[in-house]
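A structural walkthrough
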Amino acid sequence: MRLIKGLLAGVTAVAVLATPVWAENMIRWGGKRDIYSLDPYSYGDSYTIAFLNHVYEGLVRYNDKLEIEPALATEWEVVSDAVWRFKLREGVKFHDGAEFTADDVLASLRRVSHETSPLRGNLPAYKSATKIDDHTVEIELTGPYPLLLNDLTNIHIFDEGWLTANNSELPTDVSAQVEGFATFNTNGTGPFRLESRVPDSKTVLLKNDGWWDTPLHNLDRIEFTPVTSAATRVAALLSGEIDFTEEAPVQDVARLSAAPGVTVLERTDLRTLMVGFNRRDQLADGRDNPFNDLRVRQAFELAIDKDLLQKRVMRGKSRNAGTVVSPEIPGYDAALDEFPAADAARANALLAEAGHEGLPFTLICTTDAYVSEEDICNAMVSMLTRAGFKPTLDIGPTAVQTPKRSSGKADVYLIAWANEPMLDSYSILVQMMQSKTGTAGVFNWGGWSYPELDTLIVQASTEMDRDKRLALQTQALKMVKDDMIMLPLHQQPIAWAMSDKVESVVQLADNKVRHWMTRMK
Amino acid sequence: MTDPATQPQVNLPADAILPSDGPDGRIARWRKSDLWYSFTRNPSAILGTLVLLLLVLAAFAAPLYVPQNPYDPGQLDLLNAEIPPIWHSDGMWPFLLGTDTQGRDMLSAILYGSRISIVIGFASVALSLAIGLMFGLFAGYFGGFTDTVLMRLGDILLSIPTILVAILVSAVARQALPANLREIGAAGVLVLAITLAAWVQYARTVRAQTAVERKREYIATARLLKVPARRVMFHHILPNTLTPVFVAATLNFGMAILTEATLSFLGIGMPPSQPSLGTLIRLGNDFLFSGIWWVVVFPVIQLSLLVVSVNLVGDWLRDALNPKLR
Amino acid sequence: MLVFILRRLFNAAFVMLAVAFLAFAIFRVAGDPVEMMANEQMTQADRDALRERMGLNDPMLVQYGRFVANAASGDFGMSWRNGQEVLGLIGERFPATMELVLVATFLSLAIGLPLGVLTAIGRGRWYAEALQLVSIIGVSLPSFVVGILLILVFSVTLGIAPAFGRGEVVDWGWWSTGFLTHSGRAALLLPSIALALYQITLVMRLVRAEMLEVMRSDFVKFARARGVPRHRIWFLHALRNCLMPVITMTAMNVGSLIAFALITETVFQWPGMGLLFIQAVTFLDFPVMSAYLVIISFIFVALNTAVDIAYAVIDPRLRETK
């Protein structure tokens, strides 16, 4: 009987639901998926890291114009070619009250550069760090390196005492079969602290009253709920169950913009979506690799009608790309940003000339990584089939597909690169284009090697004059284009949607949510 | 358990009760039967049969008349994407029910999709029937160790909910297939998954029936006459166990179609390159709010029609063949 | 009596061991755990060391024994996806699924019983036949379709019920409940209806069949002949006689409702065990998959065994037939 009453009460409660009474400012954030962990060093996933940036901070940070500004470090100088000295901010406290000192920086750098750390590639030039005094550290690099500050924006700082007390000095190692303390608990210096987290369900952050900086936001509470289904996310926003989402599906932007009380904020992302080819001598099934023939790759480009993809699948919201970096990225050259019009007949002819008519191969895509990816991949399969290829689509979640791509089993695959967090074309060159050696070429999944290109990239990495360095990088990008190492498709669109309870959010080209600048009405 | 004496055919060899093509032919006999009588008196059964026949015919003859082969990626063109149904002012010939986001004709897609659903449903029921009948007969006839082993195996499978068996088999088997076979093998994996989840029911029914029949006089006589066990089982016992199994099979055909649709909806069934009805609904679900309602509504209607008509027929068969309800 | 109970318990234990073997086999056959866990920079030597450390070089039987022993003590290892202990992950979500299943079960009885009685006593009338037809449509609609339709109508068009999630929950020891808050109860509404629909039609059809059978029985005919009023016959005699099978079926179906909830949970993003399982399936997170399999089967087998034993206690005749 009480249950019936409860149910009836539930029905009447629905009316109340539309206008929850909160004495405080709360934003209910419906994310496209859950973060993988609370430990920023346990997965090299930029969505997770961007979320954790609410709790943890780096030595420096990007401001609302994507310029680097002081955060936990107040000033810095280059002592010698390979040594940088950082002066740390005084009076900063972690959420548990511990004082922020040089030891914390050392412990964090040790942890992130440990050989089991998946984030090691984000700090490629790091060699060692030393403490000068309680609020000064020196970081030694492998050589002259111009982009250290950019890298440090996303190296979150832990409290040394907390790491030691909880036996978490090393990155969480899933294979060790022990739960990492930092996977469930946080202790940062950031504008918000963790209240609770239930994976896949809800993560609640509260305002950190003791934050060292003057908050631009007026939030007291952030409730982050992953809503993986695009349609449900839209429904939740329309019915007022969430206030904000950073991924409104492109197909629903029109409807959301027209809905009363909903605003959509759109722009194009720095992230460029592109096609990569296997370039080893043999494909995974033992065939001689046809993709080593430039004509086959050119036929591939002619087969893909980017304009049609842009118009139909992306609904006019993406920006077609001829080069692998977006215009905002230093090193970009408009002269490279051109591409031939699609021509299935010419593609077919080129393929025939190369002797690969009806070329069978597998295209590896994911269901959850990029905007409208499943639709893009299906459309590409149609286009390639009409141009004389014989593609098979292998599509699945990122976690399942990534091992196939990184182990070189993929014939052709999709990948997107935003040059995050470096915001410089050196990022894609060193991590994706250079031959796979050490920290370089981690995302060189096709296994190619161009010695001339490698030389250029290494040269750029030690060139301290910005203009000269960018010229070298542009030259490298030209080689990437001329030999079509990767085939760029487009910069994907960003669409954030929010209810009218949100007064303002700061949306930048890197598509990261920064609620420490969000204001509610 | 019904009293054996009420069943008139028990003392006759099974062959004798099967209709033969005499002067009094099959059709004439059929029209005099109780089954036919109850059929003509049951409008929902007639409706179900008609709709089912229509859907099956339409689905299997589809390649003859639909404008497009939705499984050939070369025939899909983004230029034709998201055209509304023909009665809409933006509708376009020949896309009667409009097209989806890939330029796939919806009519062709749901007909090919139903064909896949029907084939998978039929194949899995046939396969689980074959396995179930075989195991049930052997277990019921020989008893002892065979019986124990087979029935324990059944116990184990029955202790896992069927949907879970299907999901696990489908997920694991797909992973075991090499990438280039995964598309071709998808339908086979689904048949296997649904079969594994369903055969136990038939085996149990047949086993129980066989154990009862085995004690009958005509079987004892046949054994005395040294009729081989195989012949006794398949020619004498099997036909007498078929009625309840047949009813269960009809109802399970509907369940199999639903299971296939569910697996495809969850993303572990048919791939988007060969969409079944469940895959079409999964793909369309992302566009619920985008104003292109036809990409999800038509597959939903088709799937519901298909299963409802199968269940109408199954429901009638169950009541008509149940001696208690006559 | 005691022998019967012991035999049933032994049987259940055997089945659980076999299910555990299946779960173990999935874990081992479907993928190499080392390959799935190792990050790409890991050297062959590190991989071999990991293999040794995880005991993957031991004989299969030893590994199986260890798996069963660990599972019995609640240790299913760590999720590969988010590095958490599997039992804790499932435990966190158990209350969400159970509350959904309980409400759905309650709904199925509250709606299914009266409808079943109605279709039985009105057999042949238009409303009973219409309800029969509706019930066939009810069993024929896949539950994901029902869920989508409910969201479309009640949350998007009418805006009177939430489309996803559990709303606010209140922690009550380790149990988290949505019954105590308005938003929690509101969030239960649509998913429990979607989950209950199939069960409602099952209860309704069972009640109808049982009622029809009882009403043909001699004692009802006799009662009628004596002039007992019809509604007294229906509700006092006939309904009471068919309650037992209905309750039995409901109890035994709780297990399959828990399993079927995974579809509802996926559609409504309900943070229960089923959603966890489906995510584990798409990510090939085998420890979570095998743990879910073992736990669901355990609930299933425990319910069946309990029902069997309860029956034997109530009705001694059943003890004779094995």
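Please read these numbers as outputs of a predicted model, since none were measured by experiment. (Residues numbered from 1 in each chain as written. Chains lettered and ligands numbered in written order. Predicted model: local features only at pLDDT ≥ 70, side-chain atom pairs only at ≥ 80, totals over all residues. Heavy atoms only, no water.)

**Observations concerning the overall build of chain B**
Along chain B, the regular secondary structure elements total 13 helices and 0 strands. Along chain B, helices and strands appear, N-terminal first, in the series α-α-α-α-α-α-α-α-α-α-α-α-α. Burial status across chain B gives 52% buried among its 326 residues. In chain B, once contacts between residues fewer than 6 apart in sequence are set aside, the share between residues at least 24 apart is 69%. Here chain B has roughly 14500 Å² of accessible surface; of this, 66% comes from carbon and sulfur atoms. (Helix = DSSP H or I, 4+ residues; strand = E, 2+ residues; numbered from the N terminus. Buried < 20%, exposed > 50% of the residue type's maximum accessible area, 1.4 Å probe, protein only. Contact = heavy atoms within 4.5 Å. Areas by Shrake-Rupley, 256 points an atom, 1.4 Å probe, with all protein chains shown as cover.)

**Considering the overall build of chain C**
Counting secondary structure elements, chain C contains 13 helices and 2 strands. Residue burial in chain C is summarised as follows: out of 322 residues, 55% are buried. Sequence separation of at least 24 residues holds for 72% of the intrachain contacts in chain C that already meet a minimum separation of 6. Of the roughly 14100 Å² of accessible surface on chain C, a fraction of 68% belongs to carbon and sulfur atoms. Mean positive and mean negative side-chain charge positions of chain C (25 and 22 charges, respectively) differ by 18 Å. (Lys, Arg positive; Asp, Glu negative; His and termini not counted. Charge placed at Lys NZ, Arg CZ, Asp CG, Glu CD.)

**Quick notes on the confidence of the model for chain C**
Counting all residues, the mean pLDDT for chain C is 83, and 91% of those residues have values of 70 or more. Here the predicted complex scores 0.85 on pTM and 0.84 on ipTM. (pLDDT = per-residue confidence, 0-100.)

**What about the state of the cysteines?**
Residue and element names in this part refer to chain A. Counted under the stated rule, the structure contains 1 disulfide over all chains. Here Cys365 engages in a disulfide with Cys377; their sulfurs sit 2.0 Å apart. The S-S bond linking Cys365 to Cys377 shows a torsion near -100°; that makes this disulfide left-handed. Highlighted residues: Cys365 in strand S14 (residues 359-366) and Cys377 in helix H12 (residues 373-386), separated in sequence by 12 residues. Across the pair, exposure class does not vary: Cys365 and Cys377 are buried alike. (Disulfide = S-S within 2.5 Å.)

**Brief notes about helix H11 (residues 344-353) of chain A**
All names here are of chain A. Along H11, the positions that sit buried rather than exposed are Ala347, Leu350 and Leu351. In a view along the axis of H11, the buried residues occupy a sector of 100°, so they form one face of it. Within H11, the exposed residues directed more than 90 degrees away from the buried face are Ala345 and Glu353. Backbone nitrogen of Ala345 and a side-chain oxygen of the N-cap are separated by 3.2 Å at the start of H11; the cap is Asp343. Just past H11, the residue Gly355 takes up positive phi, approximately 75°. (Arc of directions from axis to C-beta. Polar contact = N/O pair within 3.5 Å; in protein donor to acceptor, adjacent residues only side chain to side chain.)

**Some words on a nonpolar patch on the surface**
On the surface, Ile86(B), Trp87(B), Trp93(B), Leu96(B), Trp293(B), Val297(B), Ile301(B) and Leu305(B) cluster together to form a nonpolar patch covering roughly 800 Å² of accessible area. Assignment of secondary structure puts Ile86(B) in the loop between helix H5 (62-65) and helix H6 (106-142). (Patch = residues over 30% accessible without salt bridge, like charges linked within 9 Å, V, L, I, M, F, W, Y side chains within 5 Å. Salt bridge = Lys/Arg side-chain N within 4 Å of Asp/Glu carboxyl O.)

**Some details on the packing of helix H9 (residues 218-226) of chain C against helix H10 (residues 230-268) of chain C**
The description of two packed helices rests on the angle between their axes and on the distance between the axes. All names here are of chain C. For the pair H9 and H10, interaxial distance at closest approach is 11 Å and the crossing angle is 170°. Looking at the two axes, H9 sits roughly antiparallel to H10. Of the residues in H10, those in contact with Phe219, Val220, Ala223 and Arg224 of H9 are Ile233, His237 and Asn241. (Axes fitted to C-alpha atoms, helices over the stretch in contact; angles between N-to-C directions. Parallel < 35°, antiparallel > 145°, perpendicular 65-115°, else oblique.)

**Here's the deal with the interface of chain C and chain B**
With 44 residues of chain C in contact, the opposing surface of chain B contributes 37 residues. Roughly 3600 Å² is buried in total at the junction of chain C and chain B, and carbon and sulfur atoms are behind 79% of that figure. Broken down residue by residue, the surface that chain C buries against chain B is led by Ser140(C), Phe144(C) and Ile148(C), which jointly contribute 15%. For the pair chain C and chain B, the interface holds 1 salt bridge. With its nearest N and O atoms 2.9 Å apart, the salt bridge here joins Arg205(C) to Asp315(B). Of all the secondary-structure elements, those providing two or more residues to the side of chain C that touches chain B are helix H1 (2-29), helix H6 (126-140), helix H7 (143-157), helix H8 (182-216), H10, helix H11 (273-283) and helix H12 (286-314) of chain C. (Buried area = accessible area lost by both parts, 1.4 Å probe.)

**Details of the packing of aromatic side chains**
All names here are of chain A. Counted according to the given criterion, the structure contains 41 aromatic pairs over all chains. Centre to centre, the rings of Trp76 and Phe86 are 6.3 Å apart; their planes meet at 40°, and the pair counts as tilted. Residue Trp76 is found in strand S4 (residues 73-80), and its partner Phe86 is found in strand S5 (residues 83-88); the two are separated by 10 residues along the sequence. With a relative accessible area of 0%, Phe86 lands in the buried category. Each member of the aromatic cluster is reached from another via a ring pair, and the members are Trp29, Phe51, Phe224, Phe244 and Trp496. The ring of Tyr47 is capped by Lys32, whose NZ or CZ atom sits 5.1 Å from the centre of that ring. Taking NZ or CZ as reference, Arg33 lies 4.6 Å from the ring centre of Tyr36, over its face. (Phe/Tyr/Trp six-rings, centres within 6.5 Å; stacked < 30°, edge-to-face > 60°. Lys NZ or Arg CZ within 6 Å of the ring centre and 35° of its normal.)

**Looking at the pairing of strand S6 (residues 126-133) of chain A**
Residues and elements named next belong to chain A. For S6 and strand S7 (residues 136-141), the ladder comprises 6 bridges, and the chain directions are antiparallel. The residue of S7 that forms the bridge with Tyr126 is Leu141. Between S6 and S7, which pair antiparallel and follow one another directly, the connecting turn spans 2 residues. (Pairing = 2+ DSSP bridges.)

**With respect to the pattern of salt bridges**
In total, this model carries 43 salt bridges over all chains according to the counting rule given. Note that Arg319(A) is salt-bridged to Asp337(A), the shortest N-O span being 2.7 Å. Highlighted residues: Arg319(A) in strand S13 (residues 319-320) and Asp337(A) in the loop between S13 and H11, separated in sequence by 18 residues. A relative accessible area of 13% places Asp337(A) in the buried class. Overlapping salt bridges, with partners in common, bring together Glu195(A), Lys202(A), Arg221(A), Glu223(A) and Glu168(C) in one network.

**What to know about the sheet that holds S6(A)**
Backbone hydrogen bonds are what pair the strands of a sheet, in a parallel or an antiparallel way. Residues and elements named next belong to chain A. The strand order S4-S5-S7-S6 describes an open sheet built from 4 strands, whose pairing is antiparallel. The sheet terminates laterally at S4 and S6, the two strands that pair on one side only. The average angle at which neighbouring strand axes cross in this sheet is 20°, direction not considered. Sheet analysis places S5 next to S7, joined by 5 bridges and oriented antiparallel. Opposite Val83, over in S7, you have Glu140 as the bridge partner.

**Here we look at the packing of H6(B) against helix H7 (residues 144-158) of chain B**
Residue and element names in this part refer to chain B. Interaxial distance between H6 and H7 falls to 7 Å at its minimum, and their mutual angle equals 140°. It follows from the interaxial angle that H6 and H7 lie oblique. In this structure, H6 crosses over H7, and the sense of that crossing is left-handed. Only Gly144, Thr146, Asp147, Leu150 and Met151 of H7 make contact with H6, whose side of the interface consists of Phe135, Ala139 and Phe142. Looking at the contact of H6 with H7 residue by residue, the class counts come to 5 nonpolar, 2 polar and 1 charged. (Left-handed = near helix turned anticlockwise from the far one by under 90°. Nonpolar A, V, L, I, M, F, W, Y, C, P; charged D, E, K, R; others polar.)

**Quick look at the side chain of Ser128(B)**
All names here are of chain B. Residue position: Ser128 is located in helix H6. Since its relative accessible area comes to 1%, Ser128 is described here as buried. For Ser128, the side chain forms a polar contact with the main-chain oxygen of Ser124, separated by 2.6 Å. Ignoring sequence-local partners within four residues, the contact set of Ser128 consists of Thr195, Ala198, Trp199 and Tyr202.

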